[in-house]
Amino acid sequence: MNKPVKITTDSASDLNDLFKMRDIGEFSLYVMLGDDQYLDDVDIKTPMIFDYYEKTGKLPTTAARSIEDFYEYFKSFTDQGMAVVHIAISSEISSTYNYANEAAARLSDVYVIDGKSLSSGTGLLALAAADLRDSGQDAQTIAETIEKRKSSVQASFIINTLEFLYKGGRCSGLSAFFGKAFSIKPSLQLINGKITVARKFLGSFNKNLLKYVDCTLSKYDTPDMTRVFITHTHADREAVDIVRKRLIDYGFKPENVIETIAGSTITSHCGKSTLGILYINDGNK
């Protein structure tokens, strides 16, 4: 008989209420405001990020939890006779995967996957893993399936302000045009786990949203229609509605278009009003 399976992922997967709704464990990462340390989505929310930056002009910083923290977290499930499948945000942008992997090596039946993505791009993999769990698959099969599918995640964002990303140094290529024109709105893409500039748009943020969606779906044109995320850092309602309508025009059912608010980890690097569409691009329906 297969062991019960616990699906877990980092708080930076930005699943909001879906963590609890789909019984996915949320492992909170650290966010620091100056000398004060907080746990993402536990004792810090995104408005605190904006308030801190407006008052101090300083960026928040983020950090992975320790190997021992991961070990104790995984052990809390294995002690109950469960197997664990953990999907980590990309090892190219965080040490989370490496620490989780080292912790898992000390336990049995803990599988750690480098999601090669972030935000709800990683969340998509966690939800796909939960789908497999709910269909009765064992942990090893789930882990192997998600490993094969992770390269199909389309994770991209359009940025309203470059300040956070530029100052944080998280995205290669931004320095080439930062400061040249405040009207530039770059689209960022996760490629092989790294954040890269995919394209740049000129003009107002909301006016370029349709172009961003069209460019993304024309390039990554075999979406799994099961779910698509609109994930944003408190973008205005008009912006979200523009994108939602366009996704429905492309054939996504309204109930499969899921809106989430990016947590403090992602917001610390992207700034306010960043918005992305994220889906698995492998054609499965």
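Residues numbered from 1 in each chain as written. Predicted model: local features only at pLDDT ≥ 70, side-chain atom pairs only at ≥ 80, totals over all residues. Heavy atoms only, no water.

Things to note about the nonpolar core
Counting residues in hydrophobic clusters, the biggest one holds 56 residues, and the most contacted among them are Ile7, Phe74 and Ile87. In terms of residue count, helix α5 (residues 120–134) provides more of this core than any other element does, seven residues in total. (Core = buried A, V, L, I, M, F, W, Y, C linked by side-chain atoms within 4.5 Å. Buried < 20%, exposed > 50% of the residue type's maximum accessible area, 1.4 Å probe, protein only. Helix = DSSP H or I, 4+ residues; strand = E, 2+ residues; numbered from the N terminus.)

With respect to the side chain of Thr265
Looking at the element boundaries, Thr265 is found in helix α10 (residues 264–270). Take Thr265: its relative accessible area is 5%, and that puts it in the buried class. The residues contacting Thr265, other than those within four sequence positions of it, are Ser11, Ala12, Leu29, Val31, Asp40 and Thr62. (Contact = heavy atoms within 4.5 Å.)

As for the packing of helix α8 (residues 205–219) against helix α9 (residues 237–249)
In the contact formed by α8 and α9, the axes pass within 10 Å of each other and the chain directions differ by 30°. Comparing the axis directions of α8 and α9 gives the class roughly parallel. Handedness of the crossing formed by α8 with α9: right-handed. Across the interface between the two elements, Phe205, Asn206, Leu209, Leu210, Val213, Asp214 and Leu217 from α8 touch Glu238, Ala239, Ile242, Val243, Arg246 and Leu247 from α9. The residue inventory of the contact of α8 with α9, partitioned by class, reads nine nonpolar, one polar and three charged. (Axes fitted to C-alpha atoms, helices over the stretch in contact; angles between N-to-C directions. Parallel < 35°, antiparallel > 145°, perpendicular 65-115°, else oblique. Left-handed = near helix turned anticlockwise from the far one by under 90°. Nonpolar A, V, L, I, M, F, W, Y, C, P; charged D, E, K, R; others polar.)

Some points on the packing of aromatic side chains
Counted according to the given criterion, the structure contains six aromatic pairs. Summarising the aromatic geometry, the rings of Phe27 and Tyr73 are spaced 4.8 Å apart at their centres and angled 50° between planes, so their arrangement reads as tilted. Note that Phe27 is positioned in strand β2 (residues 24–27) and Tyr73 in helix α3 (residues 67–78), a separation of 46 residues in sequence. For the ring pair Tyr73 and Phe77, a centre distance of 5.2 Å and an interplane angle of 85° mean the geometry is edge-to-face. A residue pair is termed a helical-turn pair when its members lie 3 or 4 positions apart in one helix, as Tyr73 and Phe77 do in helix α3 at four residues. Across this residue pair, the class does not change: Tyr73 and Phe77 are buried. An aromatic cluster is defined as three or more aromatic residues linked by ring pairs; in this entry it consists of Phe27, Phe70, Tyr73, Phe74 and Phe77. Arg65 extends its terminal NZ or CZ atom over the ring of Tyr30, reaching a point 5.4 Å from the ring centre. Stacked on the ring of Tyr71, the Lys or Arg Arg106 has its end atom at 3.8 Å from the ring centre. (Phe/Tyr/Trp six-rings, centres within 6.5 Å; stacked < 30°, edge-to-face > 60°. Lys NZ or Arg CZ within 6 Å of the ring centre and 35° of its normal.)

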